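What follows is each chain in one-letter form.
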Amino acid sequence: QVHLVESGGGLVQAGGSLRLSCAASGRTFSSYAMAWFRQAPGKEREIVASITWGGGSTYYADSVKGRFTISRDNAKNTVYLQMNSLKPEDTAVYYCAVGMAPYYYNTRSDGYDHWGQGTQVTVSS
């Protein structure tokens with residue numbers, strides 16, 4: 001059973017930075033793509049960024065490109081999301097997710113099948 005635990009969320013002023021972490025267990029972490037999603041109140045969950053199992057390729061939604069960076073440490077079974085130049089519209093619950101199959105990479109939302117419990121990010125103006 002896959003288990004994902006996010007941390008690092010909080011309240012930050014616009015222009016500030018946060019670093020989210022997601023600790024994974026239950027699968028061979030280094031064989032799976034990982035992604036970060038977010039869901040704002042009244043909106044659908046959307047994919048924010050994704051990364052291949054080895055970290056060689058990444059994807060970013062247009063809304064965060066140039067401000068967010070996804071990375072992973074396979075030795076620690078952890079994926080990160082560095083968020084800089086935060087905006088009020090980045091306010092959401094952020095979730096990490098694991099790819100549907102080993103060595104399978106999909107930049108669309110339907111490429112992931114397990115999510116953590118989420119961590120709240122609130123950006124004040």
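Reference entry: report on the structure contained in this document. (Residues numbered from 1 in each chain as written. Predicted model: local features only at pLDDT ≥ 70, side-chain atom pairs only at ≥ 80, totals over all residues. Heavy atoms only, no water.)

## Focus: the nonpolar core
- Core analysis: the largest hydrophobic core is formed by 30 residues, its most contacted members being Trp36, Val79, Leu81, Met83 and Tyr94.
- For this core, the secondary-structure elements that each account for two or more residues are β3 (18–25), β4 (34–39), β5 (46–51), β7 (68–73), β8 (78–83), β9 (92–99) and β11 (119–124).
- One finds Ala33, Phe37, Tyr95 and Ala97 within the second-largest nonpolar core, a separate group that totals 7 residues. (Core = buried A, V, L, I, M, F, W, Y, C linked by side-chain atoms within 4.5 Å. Buried < 20%, exposed > 50% of the residue type's maximum accessible area, 1.4 Å probe, protein only. Helix = DSSP H or I, 4+ residues; strand = E, 2+ residues; numbered from the N terminus.)

## Comments concerning the side chain of serine 31
- By the element assignment, serine 31 lies in the loop between β3 and β4.
- Serine 31 gets classed as buried once you look at its relative accessible area, which sits at 8%.
- In this structure, serine 31 is in contact with Trp53, Pro102 and Tyr103, ignoring residues within four places of it in sequence. (Contact = heavy atoms within 4.5 Å.)

## Examining the packing of aromatic side chains
- The full count for this structure, using the stated rule, is 3 aromatic pairs.
- Here phenylalanine 37 and tryptophan 115 contribute two aromatic rings whose centre-to-centre distance is 5.7 Å and whose plane-to-plane angle is 75°, an arrangement assigned as edge-to-face. Here phenylalanine 37 is found in strand β4, whereas its partner tryptophan 115 is found in strand β10 (residues 112–115), with 78 residues between them in sequence.
- Here the aromatic rings of tryptophan 53 and tyrosine 103 are separated by 5.5 Å at their centres, their planes lie at 85°, and the arrangement is edge-to-face. Placement of the pair is tryptophan 53 in the loop between β5 and β6 (58–60) and tyrosine 103 in the loop between β9 and β10, with a sequence separation of 50 residues.
- When its relative accessible area of 53% is taken as the criterion, tyrosine 103 is described as exposed.
- Feature note: the residues Phe37, Tyr112 and Trp115 constitute an aromatic cluster, connected by ring pairs.
- A cation over a ring is seen here: arginine 19 above tyrosine 80, with NZ or CZ 4.0 Å from the ring centre.
- Sitting over the face of the ring of phenylalanine 29, arginine 72 holds its NZ or CZ atom 4.3 Å from the ring centroid. (Phe/Tyr/Trp six-rings, centres within 6.5 Å; stacked < 30°, edge-to-face > 60°. Lys NZ or Arg CZ within 6 Å of the ring centre and 35° of its normal.)

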